[in-house]
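Residues per chain are reported as follows:
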Amino acid sequence: MKFQTLEVWQLSYQLSCSIYIETRELRDFGFKDQITRSGLSIPSNIAEGIERQGTKEQIQFLFIAKASLAELMTQAMIGRDIGYLDADFVDGLLVKSEKIAAMIAGLIKSIKNVT
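None of these values were measured; they are calculated from a predicted model.

A.B. asks: Please clarify how the environment of K96 should be interpreted in this entry.
C.D. replies: Within the secondary structure layout, K96 lies in helix α4 (residues 87–114). Taking the C-alpha atoms as reference, K96 lies 10 Å from M73; in sequence the two are 23 residues apart.

A.B. asks: Would you mind going over the nonpolar core with me for this structure?
C.D. replies: The nonpolar side chains of a soluble globular protein tend to be buried with one another. Judged by nonpolar contacts, the single largest core of 31 residues is most densely connected at I46, L69, L72, L93 and I104. Ranked by residues supplied to this core, first place goes to α4 with 10 residues.

A.B. asks: Just checking my understanding: could you explain the packing of aromatic side chains for this structure?
C.D. replies: Here the structure, examined in full by the defined rule, presents three aromatic pairs. Consider the rings of F3 and W9, whose centres lie 5.2 Å apart with planes at 70°: the pair is edge-to-face. Looking at W9, the relative accessible area reads 13%, which means it is buried. Centroid distance F31 to Y84: 5.2 Å. Interplanar angle 75°. Geometry classified as edge-to-face. Within this pair, whereas F31 is found in helix α2 (residues 29–51), its partner Y84 is found in the loop between α3 (55–81) and α4, the two being separated by 53 residues in sequence. Residue class for Y84 comes out partly exposed when judged on its relative accessible area of 32%.

A.B. asks: What's the story with the pattern of salt bridges in this structure? I'm lost.
C.D. replies: Any two side chains of opposite charge can pair, so long as their charged atoms come close to each other. The final tally for this structure, using the stated rule, is six salt bridges. Residue D81 is joined to R80 by a salt bridge in which the shortest nitrogen-to-oxygen separation is 3.0 Å. Residue classification places R80 among the partly exposed positions, given a relative accessible area of 24%. Ionic contacts of the salt-bridge type, sharing partners, join the residues E48, R52 and E57 into one network.

A.B. asks: In this structure, what is going on with α2? I would like to understand it.
C.D. replies: With 23 residues, α2 should reach 33 Å at 1.5 Å per residue; the first-to-last C-alpha distance of 32 Å fits that figure. The axis of α2 is deflected most strongly, by about 25°, at S41, and proline P43 appears within four residues downstream. Where α2 begins, one side-chain oxygen reaches toward the backbone nitrogen of G30, 3.3 Å away; that side chain belongs to D28.

Procedures and definitions
Residues numbered from 1 in each chain as written. Predicted model: local features only at pLDDT ≥ 70, side-chain atom pairs only at ≥ 80, totals over all residues. Heavy atoms only, no water. Helix = DSSP H or I, 4+ residues; strand = E, 2+ residues; numbered from the N terminus. Core = buried A, V, L, I, M, F, W, Y, C linked by side-chain atoms within 4.5 Å. Buried < 20%, exposed > 50% of the residue type's maximum accessible area, 1.4 Å probe, protein only. Phe/Tyr/Trp six-rings, centres within 6.5 Å; stacked < 30°, edge-to-face > 60°. Salt bridge = Lys/Arg side-chain N within 4 Å of Asp/Glu carboxyl O. Expected span 1.5 Å × (residues − 1). Bend = angle between axes of the 7 residues up to and from the residue. Polar contact = N/O pair within 3.5 Å; in protein donor to acceptor, adjacent residues only side chain to side chain.

If you want it as structure tokens, here you go:
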């Protein structure tokens, strides 16, 4: 299975791109670096997990992606509450993140069921 064909990878890729676009003008480089890194980690770890040979490794990387998603959600809420990020953007990000989290959980379950 090619990771690019997975809807969960495609959605997380788009989410990561949107974070870079939304934070383009942000001057707090520490915050910007942290939130873009956690966003970038999600599709990257999904891709790496899918490309791994062993089931255990695949699942491990998918759990890392899911944890990075939780990190991203936390940072986005903080960014909203301190006025760094637009509230509507964050609301949409949180909805998309919940969907991605459910999809990652489903993918983990399907991989576990194969073995």
